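Listed below, chain by chain, are the residues.
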Amino acid sequence: MSFRTYPAYALWWLLSLLPLRALYLLSDCLLFPVLYHVVRYRRRLVRRQLNESLPELSAEERLATERKFYHTLCDYIVETLKMTTLSPEEMRRRVQFVGVDTMERKMKAEGKLLNLVCLGHFGNWEWLSSAALYMDLCAFSQVYHTLHSRVVDELFRHNRERFGGKCITMKETLRHIIGTMRRGEYEIVGLIADQCPKWEAMHQWCDFLHHETSFFIGAEAMGKRLGALVSYLEVTRPRRGYYRAELKLITDRPEAYGDYQITELYARMLEQSIRRDPHLWLWTHDRWKRTRKEWERRRAGFR
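Residues numbered from 1 in each chain as written. Predicted model: local features only at pLDDT ≥ 70, side-chain atom pairs only at ≥ 80, totals over all residues. Heavy atoms only, no water.

Undergrad: Is there a simple way to think about the nonpolar core in this case?
TA: Note on soluble globular proteins: their nonpolar side chains tend to be buried together. The biggest cluster of nonpolar side chains holds 80 residues, and the ones touching the most others in it are F97, L116, F208, L233 and W283. Top element by residues in this core is helix α4 (residues 59-82). It accounts for seven residues. Ignoring sequence-local partners within four residues, the contact set of F208 consists of T213, F215, A267, R268, L270, E271, I274, W281 and W288. (Core = buried A, V, L, I, M, F, W, Y, C linked by side-chain atoms within 4.5 Å. Buried < 20%, exposed > 50% of the residue type's maximum accessible area, 1.4 Å probe, protein only. Helix = DSSP H or I, 4+ residues; strand = E, 2+ residues; numbered from the N terminus. Contact = heavy atoms within 4.5 Å.)

Undergrad: When you look at the packing of helix α1 (residues 6-16) against helix α7 (residues 150-160) in this model, what are you seeing that I'm missing?
TA: Helix-helix packing is described using two parameters, namely the angle between the two axes and the distance between the axes. For the pair α1 and α7, the least separation of the axes is 10 Å and the interaxial angle reads 50°. Here α7 runs oblique to α1, going by the angle between their axes. The crossing of α1 and α7 is right-handed. Seen from α1, the contacting residues are A8, Y9 and W12; seen from α7, they are V151, L155, F156, H158 and N159. Class assignment for the residues of the contact of α1 with α7 results in six nonpolar, two polar and no charged. (Axes fitted to C-alpha atoms, helices over the stretch in contact; angles between N-to-C directions. Parallel < 35°, antiparallel > 145°, perpendicular 65-115°, else oblique. Left-handed = near helix turned anticlockwise from the far one by under 90°. Nonpolar A, V, L, I, M, F, W, Y, C, P; charged D, E, K, R; others polar.)

Undergrad: What's the story with α7 in this structure? I'm lost.
TA: Residues lying three or four places apart along an α-helix face the same way, a consequence of the helix completing one turn every 3.6 residues. Along α7, the residues that are buried comprise D153, E154, L155, F156, N159 and R160. Next to the buried residues of α7 lie α1, α4, β3 (139-144) and β4 (166-169).

Undergrad: Just checking my understanding: could you explain the packing of aromatic side chains for this structure?
TA: Aromatic rings considered in pairs are described by the distance between their centres and by the relative angle of their planes. Applying the stated criterion to the full structure yields 15 aromatic pairs. For the ring pair Y76 and W125, a centre distance of 4.5 Å and an interplane angle of 25° mean the geometry is stacked. With Y76 in helix α4 and W125 in the loop between β2 (114-119) and β3, this pair connects stretches of sequence that are 49 residues apart. Looking at Y76, the relative accessible area reads 13%, which means it is buried. Overall, the relative accessible area of 12% leaves W125 in the buried class. Within the aromatic cluster, the residues linked to one another by ring pairs are F208, F215, Y232, Y266, W281, W283 and W288. The ring of Y242 carries R94 above its face, with NZ or CZ at 4.7 Å from the centroid. (Phe/Tyr/Trp six-rings, centres within 6.5 Å; stacked < 30°, edge-to-face > 60°. Lys NZ or Arg CZ within 6 Å of the ring centre and 35° of its normal.)

Undergrad: I'm lost on unusual backbone geometry in this one. Help?
TA: As a rule of thumb, non-glycine residues mostly have phi less than zero, and peptide bonds are mostly trans rather than cis. Of note in the backbone geometry, R40 takes a positive phi value of approximately 55° without being a glycine. With respect to the element layout, R40 can be found in the loop between α2 (20-38) and α3 (43-53). Classification of R40 by relative accessible area gives partly exposed; the value is 47%. With phi around 55°, R42 is a residue other than glycine that occupies positive phi space. Looking at the element boundaries, R42 is found in the loop between α2 and α3. Judged by relative accessible area, R42 falls into the partly exposed class, the value being 42%.

Right, here's the structure in full:
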């Protein structure tokens, strides 16, 4: 952590010493009213995406989902703050990982050194970086986008690596994985793959929440190239402050699938999770700002 990060980290650390109960009170009585009613943070975007993505819900149900989402977003903020001083024992009590031991045994039995785990901006993905606490055989790494603010990036990276995992940027992912495999080490790598790719990273489109949607295909491409397992992490929130994350195998033979079929399977699993608990997904992200029509126009222009 750099010198200029220390003042911000000190304030962050002091606030994280508050009991989680007090932080939830802060979430309810300060953050939610400010974000939702005063600042109205991206409310127009959230409402439009909810209306387009969940037309089967009534207007009242979508409004209730909208408000519930903003409460969840505020909880995400204070939970991420609290993560700075949560002990490993307390984190294990609050985040339950299911299927990790079974997956590790499968990897060892089949000689598979790598498991690429796809997940979404769903629940509290920061707390999911504690996955390393549950692993005996495998190391754990998570691919992440570098944040624009260097100070904030260092704070988040410090938080994410507190429990034994390693953060790797998208650019260094393949080199890191190949190095780990050459050393004969077992590794589980988490990839949040539900962001909107840049134009040059778009390759396929599928129907997702009533939109033509492009996904990152990195997990599928690396899985086929390296003979890895590809899995999905299904997240639920049984109650406030507690999460359950179940590791579900998508395939142990990615090379047997056609182009983009694995990415399509991931999209279907994520959509099912969102439809079950729509308030847990990050609706403030402008997911469909790039369209297939514009993508096709740009491709035609480059020919």
